[in-house]
Amino acid sequence: MQEIHSIMDELIADPSAAAFKKTLPFAQLLEQLLNKKALFDAALAKSAERADAGRIIGKTSALDALAKLLDISKSEAYKRVQRGEEHYGNPSPELSEEELEKETPAQKEARETREQQDKVEQAEANRIAHNHVISAEKQDAIRYELEKLNDNTSLSKATLRKLAMKEATTRSVEDLRNWTRNKVIRINPSAKDPLAAVKKRSLSIGRQDHDGGARASLYLDGKGLALLKSLMAKAKPGHLLNDPDKEDIRTKQQRQYDAFAEILHRAHADLLPGRAGVGTILVSLSAKDIANIEASVPDHRYPTNTGIKLTPTEILRLGSAKYDFGAVLDADSGRPLHLARTQRTASLYQRLALFASELVCTREGCDSPFSENEIHHIRSWLEGGPTDIENITNICFHDHGSNNDQRDGKDNMGYMDIDPVTGRVGYQPGDRRKPMRFNNSAAAAESGGAQARV
Ligand SMILES: [Zn+2]
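Computed from a predicted model, the values in this text were never measured in an experiment.

(A) Just the nonpolar core, in detail. I142, L160 and M165 are the most contacted members of the largest nonpolar core, which totals 15 residues. Elements with a minimum of two residues in this core: α6 (105-131), α7 (136-146), α8 (157-168) and α9 (173-187). Setting aside residues up to four positions removed in sequence, L160 forms contacts with L146, L149, L155, K183, V184 and I187.

(B) Looking closely at the coordination of the zinc ion. Those donors, C361 (SG), C366 (SG), C396 (SG) and D399 (OD), are the protein atoms that reach the zinc ion, and they lie 2.1 to 2.4 Å from it. Classification of the site at the zinc ion rests on its four donor atoms, whose angles at the metal span 99 to 117 degrees, yielding the label tetrahedral. Expressed as a motif, the donor residue spacing for the zinc ion is C-x4-C-x29-C-x2-D. Here C361, found in the loop between α15 (348-358) and β3 (373-377), pairs with D399, found in helix α16 (residues 397-400); they are 38 residues apart in sequence, far enough to count as distant.

(C) Inspection of the side chain of R250 at higher detail. Examined against the element boundaries, R250 turns out to sit in the loop between α11 (222-232) and α12 (252-271). A polar atom in the side chain of R250 sits 2.9 Å from the side chain of D248. Side chain to side chain, R250 and D258 meet in a polar contact 2.8 Å long.

(D) How the structure looks around the packing of α7 against α9. Orientation of α7 relative to α9, taken along the N-to-C sense of each, is 20 degrees, at an axis distance of 9 Å. Between α7 and α9, the crossing angle belongs to the class labelled roughly parallel. The interaxial crossing formed by α7 with α9 has right-handed handedness. Two secondary-structure elements touch here, α7 through E137, K138, A141, I142, Y144, E145 and L146 and α9 through V173, L176, R177, T180, R181 and V184. Classifying every residue of the contact of α7 with α9 by side-chain character gives seven nonpolar, one polar and five charged.

(E) Representation of α8 within the structure. End to end, α8 covers 16 Å across twelve residues, agreeing with the expected 16 Å (1.5 Å per residue, within 8%). Residues A158, T159, L160, R161, K162, A164, M165 and A168 constitute the buried set of α8. Elements that come into contact with the buried residues of α8 comprise α4 (74-88), α6, α7 and α9.

The rules we used
- Residues numbered from 1 in each chain as written.
- Predicted model: local features only at pLDDT ≥ 70, side-chain atom pairs only at ≥ 80, totals over all residues.
- Heavy atoms only, no water.
- Core = buried A, V, L, I, M, F, W, Y, C linked by side-chain atoms within 4.5 Å.
- Buried < 20%, exposed > 50% of the residue type's maximum accessible area, 1.4 Å probe, protein only.
- Helix = DSSP H or I, 4+ residues; strand = E, 2+ residues; numbered from the N terminus.
- Contact = heavy atoms within 4.5 Å.
- Donors = N, O, S within 2.8 Å, 3.2 Å for Na, K, Ca; no water.
- Tetrahedral: all angles 85-135°; square planar, octahedral: opposite > 155°, others 65-115°.
- Polar contact = N/O pair within 3.5 Å; in protein donor to acceptor, adjacent residues only side chain to side chain.
- Axes fitted to C-alpha atoms, helices over the stretch in contact; angles between N-to-C directions.
- Parallel < 35°, antiparallel > 145°, perpendicular 65-115°, else oblique.
- Left-handed = near helix turned anticlockwise from the far one by under 90°.
- Nonpolar A, V, L, I, M, F, W, Y, C, P; charged D, E, K, R; others polar.
- Expected span 1.5 Å × (residues − 1).

Pasting the structure below:
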């Protein structure tokens, strides 16, 4: 270990021409070790799952434990867990209970033979990955492309993975990605699955960029495609413009987007009245913000419950300028002042107050936006904890599952509580001798509560 450090330190201090030749064999060995680390990481992720490692940090998920204990991002931890599953998990498509019940004895036998075969292919693919130290990048590229393979294709996913792993020994990452993608495209039509497009339906929304927009990626099934196509047919020049005689300088793509945004806008208005707070876009403004809104720079963005930040112009265009609610926030805790209710479900007013104060999940380090979170009773409802603003906080679905309502320290699981000194909501670790931890993430720092505390 010491030797490794000194070889590296030497080159870092003086990257001379002579040092290159001298260091090259070591660099090649190091690269190989790093490639092997791909398999090591996968195995570690699997063993963390088997060890229920989430408990070490007071959570239920092994993925969170990996991210925290190794100080890596959640997306990197996710990749490792996926890789672990691919190596050590079930390589065959999972059937629902309903599908299993409908099986005839002959179908069952055929399936079991296929599953046996898949296990053999998986072991072979793993062996190639191990012997040829296939890098994490290549393995992730293969997995990403294979996720697009339909069920019931002529060649199973496990077989295709083995073939791709063989190709990985000679191809570059980019070339391997193309090879696998082309295979999937060619094999997919052999799937006898009328629901293939429905299963693939998806809409994912990327992160907001510095201009305030984001890319989205959409896969439509036949029905969705037909609906969208018929809508887009209306997006001819002049569509949705106030003055139909004026020349329409928008591109076709822009016209199509405008037509699409109009639909979203109308659907949004339809959804508003029925559901308390859900489907509503709430804008968080402190008293200071409201006083200064006209003086604020036009591109200043205000946080909303959806995690997307909007400028005053965008807020006005959404038609949500008629906010008439406010919350009085306590300067020590940043929590909203008294608002009592007795029903279990938090009232819309309480949600608004919590949103104004908390903005994101209150467990430390979390940035999950309010609109995706749940209202949590700090003293549990079953133990008589009231639905008072003093007893509720918003936490994400994920962290809600890790809350130990019994507060008995079992499995090192802690709970959300109120700091007796400041009144601020935070996380009390299962071991009560440890101090409470608060959400000071960048997202939480934008909350009304954080603004009130400073
Ligand atoms: Zn959370």
